[in-house]
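The primary structure of each chain is shown beneath.
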Amino acid sequence: RTDVVDVSDTASDPYVAQQVVNVVVTEFQAENAQSAQQQSRRRRIFVEAQLHQTDSLLQIAQDRLSQYRTNKQVYGSSDAVVAAEQTGLLNLDVQRQELVADKRVYQSLLSTLARDDSGPARQKTLRALVSSPGIADNPGVQAIYTHLVTYQATLDSASTGQWSSARSNPDVMRLHALVAGAEGQLVDAVESQVTSLDARVEALDELRERNAGALKLLPATQAGEARLIQHVESTRNMADQLRDEYQKA
């Protein structure tokens, strides 16, 4: 959890010690860079495909809106109520999409965590989980993870190296129990976050249904245009977000 790493080696020959450290650092840098490049490339390919699909959907939505306006002889709603309702629905859709996306990320990481029983892969998944948007700002989760890191570091010190203790050692067994308990608390906290997201999505759906009902009471032509405009804007926002993600990747 730092950008500074201190690497040392002890040998009877100072030159050998120096070479060992240099090789370790060089190999670590190369592996780290290669891993980051592969992840970025996979992300770019995925986002690029999603962007092409969303751009196609945006073109279809714009064509439908244009055709509707031509058939109905309307060219933009001037009714302030319609504009307010469509803006409200658009904002609700955006909020819902963000909540659903966060939920999918949490569930995916929890599934990966369930498959990884131990080892570096599990620790990597735990780090990704606690740094996810929404969870990273949760002080309870961060406190649990801080304890987990401390327990794990103490366990590693006690179970590795020249003076390591056996797994049957009471202190080692206690540390294993503390690590398992902290990981269980962390999973429970994230699952509670997922439950909270479900409740928020349900509340947004109910609010959107009420707002959509109010929109349907407006003149049919304006309401139809408003729904098409909402679809266009929602798809455009999604395309803009994907375009930003693509540029980052």
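Criteria and thresholds
Residues numbered from 1 in each chain as written. Predicted model: local features only at pLDDT ≥ 70, side-chain atom pairs only at ≥ 80, totals over all residues. Heavy atoms only, no water. Helix = DSSP H or I, 4+ residues; strand = E, 2+ residues; numbered from the N terminus. Salt bridge = Lys/Arg side-chain N within 4 Å of Asp/Glu carboxyl O. Buried < 20%, exposed > 50% of the residue type's maximum accessible area, 1.4 Å probe, protein only. Arc of directions from axis to C-beta. Patch = residues over 30% accessible without salt bridge, like charges linked within 9 Å, V, L, I, M, F, W, Y side chains within 5 Å. Areas by Shrake-Rupley, 256 points an atom, 1.4 Å probe, with all protein chains shown as cover. pLDDT = per-residue confidence, 0-100. Contact = heavy atoms within 4.5 Å. Core = buried A, V, L, I, M, F, W, Y, C linked by side-chain atoms within 4.5 Å. Expected span 1.5 Å × (residues − 1).

Let's shift gears to the environment of L207. Positionally, L207 belongs in helix 5 (residues 170–216). Between the C-alpha atom of L207 and that of G88, which follows or precedes it by 119 residues, the distance is 9.9 Å.

Evaluation of the coordinates by the stated rule reveals eight salt bridges. Across the pair R243 and D55 runs a salt bridge, and its minimum N-O distance is 2.9 Å. Taken together, the residues R243 in helix 6 (residues 220–248) and D55 in helix 1 (residues 14–72) connect sequence positions 188 residues apart. Taking the relative accessible area as the measure of exposure, R243 reaches 33% and is therefore partly exposed. D55 gets classed as partly exposed once you look at its relative accessible area, which sits at 27%. Residues participating in the shared-partner salt-bridge network are D55, D240 and R243.

Before going further, it helps to examine helix 3 (residues 120–130). Along helix 3, the residues that are buried comprise R122, T125, L126, L129 and V130. End-on, the buried residues of helix 3 take up no more than an arc of 125°, which puts them together on one face.

Together, V5, V7, Y15, V16, V20, V24 and V25 give the surface a local cluster of nonpolar side chains, amounting to about 550 Å² of exposed area. In this structure, V24 sits in helix 1. Among the residues examined, V24 registers a relative accessible area of 43% and is labelled partly exposed.

A few words on the confidence of the model for the protein chain. With 88% of its residues at a pLDDT of 70 or more, the protein chain has an overall mean of 81. Confidence, read as mean pLDDT per element, is least for helix 2 (residues 80–115) in the protein chain (78) and greatest for helix 1 (88).

The next thing to look at is the environment of S159. Following the sequence through the fold, S159 ends up in helix 4 (residues 139–159). As a C-alpha pair, S159 and N169 span 10 residues in sequence and 9.5 Å in three-dimensional space. Sequence-distant contacts of S159, defined by excluding residues within four places in its chain, comprise S164 and S165.

Turning to its location among the elements, Q193 is positioned in helix 5. Under the relative-accessibility criterion, Q193 is labelled buried at 19%. Setting aside anything within four residues of it in sequence, one finds Q193 in contact with Y106, G134, I135 and N138.

Next up on the list: the nonpolar core. Among the nonpolar cores identified, the biggest contains 27 residues, and L129, L148 and L186 are the most heavily contacted of them. Mapped onto this core, the elements with two or more residues apiece are helix 2, helix 3, helix 4 and helix 5. A per-element tally of this core places helix 5 first, with 11 residues. Not counting chain neighbours up to four residues away, the residues in contact with L129 comprise Y106, L109, L110, L113, I135 and V190. In this structure, L58, Y68, I229 and V232 belong to the second largest nonpolar core, which totals seven residues.

Right, let's get into helix 4. The terminal C-alpha atoms of helix 4 lie 30 Å apart, and with 21 residues this matches the ideal 30 Å at 1.5 Å per residue to within 8%. What helix 4 keeps buried is the set V141, I144, Y145, L148, Q152 and L155. Summarising the axial view, the buried residues of helix 4 lie within an arc of 95°, below the 170-degree limit, and thus occupy one face. Exposed residues lying more than 90 degrees from the buried face of helix 4 are P139 and S157.

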